[in-house]
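In case you want the letters, here they are:
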Amino acid sequence: MKQGECIGVFDSGYGGLTILKEIIQVLPQYDYIYLGDNARAPYGSRSFEAVYHYTGEAVRKLFEMGCRLVILACNTASAKALRTIQQVDLPLIDPHKRVLGVIRPSVEALADYSKNGHIGILATRGTVASGSYPIEIEKLFGMEKFHITQLACPMWVPLVENNELSGEGTEYFVRKYLDELFLMDPLLDTIVLACTHYPLLRPLIGQMIPGYVRIIGQGHIVADSLKDYLLRHPEMEICLSKGRNVSYYTTDKAEIFEQTGGVFMGERIKCRHVQIC
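Cut-offs and rules
Residues numbered from 1 in each chain as written. Predicted model: local features only at pLDDT ≥ 70, side-chain atom pairs only at ≥ 80, totals over all residues. Heavy atoms only, no water. Salt bridge = Lys/Arg side-chain N within 4 Å of Asp/Glu carboxyl O. Helix = DSSP H or I, 4+ residues; strand = E, 2+ residues; numbered from the N terminus. Buried < 20%, exposed > 50% of the residue type's maximum accessible area, 1.4 Å probe, protein only. Axes fitted to C-alpha atoms, helices over the stretch in contact; angles between N-to-C directions. Parallel < 35°, antiparallel > 145°, perpendicular 65-115°, else oblique. Left-handed = near helix turned anticlockwise from the far one by under 90°. Contact = heavy atoms within 4.5 Å. Nonpolar A, V, L, I, M, F, W, Y, C, P; charged D, E, K, R; others polar. Pairing = 2+ DSSP bridges.

## Structural notes on the pattern of salt bridges
For step 1, the next point in the chain: Per the counting criterion, the structure on display carries 11 salt bridges.
For step 2, the next point in the chain: Taking the shortest distance from any N to any O, the salt bridge between Lys 97 and Glu 5 comes out at 3.5 Å. Remark: Glu 5 occurs in the segment before β1 (6-11) and Lys 97 occurs in the loop between α4 (82-93) and β4 (98-100); sequence separation between them is 92 residues.
For step 3, the next point in the chain: A residue is classified by how much of its surface remains accessible, and Glu 5, at 2% relative accessible area, is buried.
For step 4, the next point in the chain: When the shortest N-O distance is used, the salt bridge between Arg 40 and Glu 57 registers 2.9 Å. Of the two residues, Arg 40 sits in the loop between β2 (32-36) and α2 (48-64) while Glu 57 sits in helix α2, which places them 17 residues apart along the sequence. Across the pair, exposure class does not vary: Arg 40 and Glu 57 are buried alike.
For step 5, the next point in the chain: Through salt bridges with shared partners, one network takes in Arg 83, Arg 104, Glu 108 and Glu 136.

## Side note on the packing of helix α1 (residues 16-26) against helix α11 (residues 218-232)
For step 1, the next point in the chain: Interhelical geometry of α1 versus α11 gives an angle of 50° and a closest axis separation of 8 Å. Regarding the angle of α1 to α11, the classification is oblique. The handedness of the crossing between α1 and α11 comes out as right-handed. On α11, the residues that touch Thr 18, Ile 19, Glu 22, Ile 23 and Val 26 of α1 are Gln 218, Gly 219, His 220, Val 222, Ala 223, Asp 224, Leu 226 and Lys 227.
For step 2, the next point in the chain: Class assignment for the residues of the contact of α1 with α11 results in six nonpolar, four polar and three charged.

## Describing the environment of Gly 126
For step 1, the next point in the chain: With respect to the helices and strands, the residue Gly 126 is situated in helix α6 (residues 125-130).
For step 2, the next point in the chain: Along the backbone, Gly 126 and Arg 46 are 80 residues apart, and their C-alpha atoms lie at a distance of 6.9 Å.
For step 3, the next point in the chain: Contact partners of Gly 126, with chain neighbours within four places excluded, come to Gly 44 and Lys 80.

## What about the sheet that holds strand β9 (residues 246-250)?
Hydrogen bonds along the backbone pair up the strands of a sheet, which may run parallel or antiparallel.
For step 1, the next point in the chain: If you walk across this open sheet you meet the six strands as β4-β3-β1-β2-β9-β10, and the pairing is parallel. Each edge of the open sheet carries a strand with a single partner, namely β4 and β10 (271-273). Across the sheet, the mean angle from the axis of one strand to that of its neighbour is 25°, orientation sign disregarded.
For step 2, the next point in the chain: Where β1 lies against strand β3 (residues 67-72), five bridges are found, and the strand directions are parallel. Considered in β3, the bridge of Gly 8 is made with Val 70.
For step 3, the next point in the chain: Against the sheet, α1 touches β1, β2 and β9, its axis set at about 170° to β2.
For step 4, the next point in the chain: Lying on the sheet, α4 is in contact with β3 and β4; it crosses β4 at an angle near 170°.

Quick look at the structure:
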């Protein structure tokens, strides 16, 4: 097996940077490669077949670039492609490599957050349509522990990617979806931000919901889950390079990614274009 390989983090666009940022804070010693498929984003409204195809191409590219472990820091990719990649593709590509998602660790955390079992899932249309969160919740906890309400928020991603994190228009669409969610279930005590773009709207969301409602952002949960995974799999951990380097790649224009990606990371970044198809 090759020594000194990176951790890859993939998303259809910029949202996975919120996951990467938290992972770096928890596990700063490793080398990371971030790949955003911005040229084909967003994935949220695409078919299962398209998302699986695009995600598979990105995973293979990250393996070619020197990654041994890839995190699908995208709820849509995790919902529509992860299981097939893990069960069908990886045994053929390389049985020593691994691909992990963001849905399972997010669901595992629910028991620590909700007191009354009423959970709201805010996500893209694709994640909602996949039913991945209710399915995973049922697998882990059964059907009766939680009451799940899902809602797609299609306007939130473009607002975040255009750095419209405040203002009348943003407030309107944040309140619109939150009002709709609580109309569907007034007893909600926990909200899962099941799209990696949404944490940038968290301050505004927090102002518009009752104080007793807890918000689950995925970044720190996924980061802690990865830390635990590497502790449980020393055979993987020993293969990972530890140079504290982070490289950014996009399938679209690097200059645009640097500008918007810097908003997500809270610092200037350098990015390179890569072709994956």
